[in-house]
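Close look at the chain arrangement
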Amino acid sequence: MTAAGAGGTGAGVEGRGVLRLRASALVLLGALSAASARAQEVTFTRDIAPIVFASCVPCHRAGGPAPFPLTSYQEVRRRAQQIVRVTRSRFMPPWKVEPEVGRFIGQHPLTEDQVAQIDRWVQAGAPEGHARDLPPLPADTGGWLLGKPDLVVALDPAYTLAPLPTDEFRIFAIPLPVTARTYVRGIEFHPGNPRVVHHANIRIDRTGEARRRDAADPRPGYEGLMPRSAVYPDGHFLGWTPGQIAPLVPPDLAWALEPGSDLVVQLHMQPSGAVEIVRPEIGLYFSRVPPVRTPTILRLGSQGIDIAPGDPHYVIRDAYTLPADAELLAIQPHAHYRAKQILGTATFPDGRSRVVMHIKDWDFRWQHVYRLEEPLALPKGTRLAMEYTYDNSADNVRNPVVPPARVYWGQRSKDEMGDLWFQLLVKDERTRDLVEADIQRKMTAEDIIGYETMLKANPDDHELHDDVALLYLSAGRPADAVRHFRASVALTGGTATAHFNLGTALTLAGDLDAAVAAFREALARQPAYSKAHTNLGRVLLAQGRIAEAVSHLESAIRFDPGNAQAYFGLSEAYAELGDYEKAVEMADRALDLQPPEPLASQIRERRALYRQRRRPPDGEISYRADGAGPTIALRAASSSSAVIRPGL
Amino acid sequence: MVRLAVAALGVALAAQAPITPRHVLGLDGRATNPLAPAPGIAATVLIFTTTDCPIANRYAPEIRRLADVYESRGVRFALVFPVRGDTSEIIRAHLQKFGYALTAVRDTSQELVRLTGAEVTPEAVLTDARGRLVYRGRIDDRYVDFGLDRREPTSRDLERAIQDLLAGRPVAIPRTQAVGCMLADLVK
């Protein structure tokens, strides 16, 4: 009701003066009530646009990952009631972590007040407001947000995504053309097709395994599992979710990229209903100086997951107590479809406890690395713990298997996983290695459980037997490795490699006769198997069967002249025979091949010993007590009696 | 009492009246009635959709499948675009991108939305040969809510309704709740 309207009607038939006074009083009153109405009235330009521009537009803009823009009054007005609904249910914005956990970089959740404000606005008819109140749109930062990259790689050829009704996961190996060790401060991932690429899990593979699997599939990429060799580099999480660009780490925290590495990118794609082309690009940013500090990744979780069909409430727990002071930089939860509640806590030495991760309604499609705005101090003795809950009932709409079946730990989508990854910075560089080794022991033990779990479901998968056998060897449990290599031999019908692996494990387990038999089986199938000749030679040497050992070691070299281990074996064989001259010669040949550590040091040590035992060329030999090497005192035939110390 | 009974009768009669839109446009800009009785047409399926609703778009292969199966049995399919911003040009590009070979009409005054009661996109309406509404609701139950969808639908409700109608049976489930982008703000 406007002031003019109120003043113009119902005037009494009184004198003009009174009328005018009453009219102006009414005008004044009218003006006052209109002003307060405007103050109470929520408008788009003044009240709603700031909220939408800050929390929605990063994704909801032209060319962004969201399916429609929310950059103008018309665009928002058209969906006003839907916006009320999705903000009330917290479906949007899609920040799944409970607010009381704290703030993470790049997240823009709405407060309760903001959600209520949007509701009030819509209830009032969604008025636009004055144009002058409209704030500017956030700048559209296309291009490289982190600056010009030092290297850009892309998925070539691009991948064609078919119009499937449901999500697709696919792994791509992208070569990284660096020619020397390079230190990387970070990467920027451009999905190429932001509507369709929902998130990316990114790893580094130095072994070429991912590349082989990619090449084996005729189309770009392959469907399947991340190879074990594809890892997070040196304590850094790589990955991408929409709107999230991980800031570059300071140069002293950069990670080392070796030549011959591939970027292994697992894309989660949501088909659109039409054929789509997907060609992501990745920019890499380098540091000229090597890192001074390296983060450590801790994985908590359970690989023994085994959920009965229909179980609506299956719980896993794990914990680890920090043996040194550290800071928490980032957290990444991981599970598949059936997980419901994700919980991570830190309990400090003084008994205080803090929730560091809490998601109530886990959605596999919203995977994210949560980087803390401020690192969290974790003093020595802090206990980090996780607890995940799963629903394997038919009532769980997200259950990928209907009717529900028994679910094991595993990497396929029908399996389940439950990991909570922590990125830590151990304060003291020297203790970092100790912490890293401690964590590795814990993770290897858990990985073994994971393989044993997978073998429950797939007892005839010989690759699983091989993989877990190798883990058992690294964990110092050769007898268990033997058990699994025997299974692998039985399943593969006994390939040369299978027998070789078994022989090696038997050697480490101390069962030399059986080891010899296994290596002979390997050689029967593959007579030119240099490594089998080498290992057989060494076992025979240990059994005192020198002549046979030498024969096999020489065969090993014949089939592979670059086999440093074989030369080393020969060196030891000749030493056993008392021919130290030849022993040193063989050790030299081994060292010429530039073997890696720790083999090179072992060879050098032995070589020094054999040199000492060699017959001297002339003169007396005296041995120095400090073992620094023999000295030769020349006979008095020469005028000086200089002591010559032969160089090593 | 009598008034109530008469009112109820009125509602029932309204449900039985053929839907006859007068303001729906074809892509050529001319008025058209996608529900008009025609020889050989046993039923009409309207799919309310927009060009930028991700749920509606993900249903494109399923909509095409239904058309492939049932068009030869006298079921006519039409995509209905109630958002004014979806111009003929935009719609044509959209049809090509999603491989649709279906009739598309523009319901720019949301007349069909009001006449059928459609609430979201995608939403399906099935009418008989005379244009009387016999089913309104979801295409299938894949979507339970935003961000909550099944791997496979367990109930293909539109298809079952079509089958009921073609077999001469009353449609067993004439009404289901569709999930998708809300139309409420378009219809004042």
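Below is a short write-up of the structure. (Residues numbered from 1 in each chain as written. Chains lettered and ligands numbered in written order. Predicted model: local features only at pLDDT ≥ 70, side-chain atom pairs only at ≥ 80, totals over all residues. Heavy atoms only, no water.)

Per the secondary structure count, chain A includes 17 helices and 24 strands. Across the 648 residues in chain A, those meeting the buried criterion constitute 48%. Here the contacts in chain A between residues at least 6 apart in sequence split such that 74% fall between residues at least 24 apart. Total accessible area computed for chain A in this model is approximately 31,100 Å², and 54% of it derives from carbon and sulfur atoms. (Helix = DSSP H or I, 4+ residues; strand = E, 2+ residues; numbered from the N terminus. Buried < 20%, exposed > 50% of the residue type's maximum accessible area, 1.4 Å probe, protein only. Contact = heavy atoms within 4.5 Å. Areas by Shrake-Rupley, 256 points an atom, 1.4 Å probe, with all protein chains shown as cover.)

The next thing to look at is the sheet that holds strand E15 (residues 326–335) of chain A. Strands pair in a sheet through their backbones, by hydrogen bonds, and they do so in one of two ways: parallel or antiparallel. Residues and elements named next belong to chain A. Judged by pairing direction, the sheet is antiparallel, and its four strands sit side by side in the order E12-E21-E15-E18 without closing on themselves. Here the strands that pair on one side only, and so sit at the sheet edges, are strand E12 (296–301) and strand E18 (370–378). Recorded for the sheet is a direction-independent mean angle of 30° between the axes of neighbouring strands. In the packing of helix H8 (residues 429–457) onto the sheet, the strands contacted are E12 and strand E21 (418–426), and the crossing angle to E12 comes to about 30°. (Pairing = 2+ DSSP bridges. Axes fitted to C-alpha atoms, helices over the stretch in contact; angles between N-to-C directions.)

Turning next to the pattern of salt bridges. Applying the stated criterion across every chain, the model contains 56 salt bridges over all chains. The shortest N-O distance in the salt bridge between Arg 90 of chain A and Glu 112 of chain A comes to 3.3 Å. With Arg 90 of chain A in the loop between helix H5 (80–88) and helix H6 (112–123) and Glu 112 of chain A in helix H6, this residue pair connects regions lying 22 residues apart in the sequence. The partly exposed category is assigned to Arg 90 of chain A, whose relative accessible area is 37%. Linked by salt bridges that have partners in common, Asp 167, Asp 361, Asp 363, Arg 365 and Arg 398 of chain A together with Asp 149 of chain B make up one network. (Salt bridge = Lys/Arg side-chain N within 4 Å of Asp/Glu carboxyl O.)

The parts lose accessible area when they come together, and the size of an interface is often stated as this lost area. Between chain B and chain A, the contact holds 27 residues from the first and 28 residues from the second. Roughly 2,600 Å² of surface becomes buried between chain B and chain A when both sides are summed, with 50% attributable to carbon and sulfur atoms. Applying the counting rule to chain B against chain A returns six salt bridges. Among the ionic pairs, Arg 79 of chain A bridges to Asp 52 of chain B, the shortest N-O distance being 3.0 Å. The interface formed by chain B and chain A contains eleven residue pairs in polar contact (both at pLDDT 80 or more). (Buried area = accessible area lost by both parts, 1.4 Å probe. Polar contact = N/O pair within 3.5 Å; in protein donor to acceptor, adjacent residues only side chain to side chain.)

On to the layout of surface pockets. All names here are of chain A. If you add up the space inside the second largest pocket, you get close to 700 Å³. Residue lining of the second largest pocket: 27 residues in total, with Ser 89, Arg 90, Phe 91, Trp 95 and Lys 96 positioned closest to the centre. Residue composition of the lining of the second largest pocket, by class: twelve nonpolar, five polar and ten charged. (1 Å grid on protein atoms, 1.4 Å probe; cavity = no way out; pocket = protein on both sides within 12 Å on 5 of 7 lines; lining within 4 Å. Points joined across faces, edges and corners; volume = space filled by probe spheres on them. Nonpolar A, V, L, I, M, F, W, Y, C, P; charged D, E, K, R; others polar.)

Residues and elements named next belong to chain B. Within the open sheet, the six strands sit side by side as E1-E4-E3-E2-E6-E7. Their pairing is mixed. Of all strands in the sheet, those bounded by a partner on one side alone are strand E1 (25–26) and strand E7 (133–137). With four bridges connecting them, strand E6 (residues 123–128) and E7 associate as antiparallel partners. In the strand pairing of E7, Val 125 is matched with Arg 136. On the sheet, helix H4 (residues 88–97) packs against strand E3 (75–81) and strand E4 (103–106) and is oriented at approximately 155° with respect to E4.

None of this, on its own, says anything about what the molecule does.
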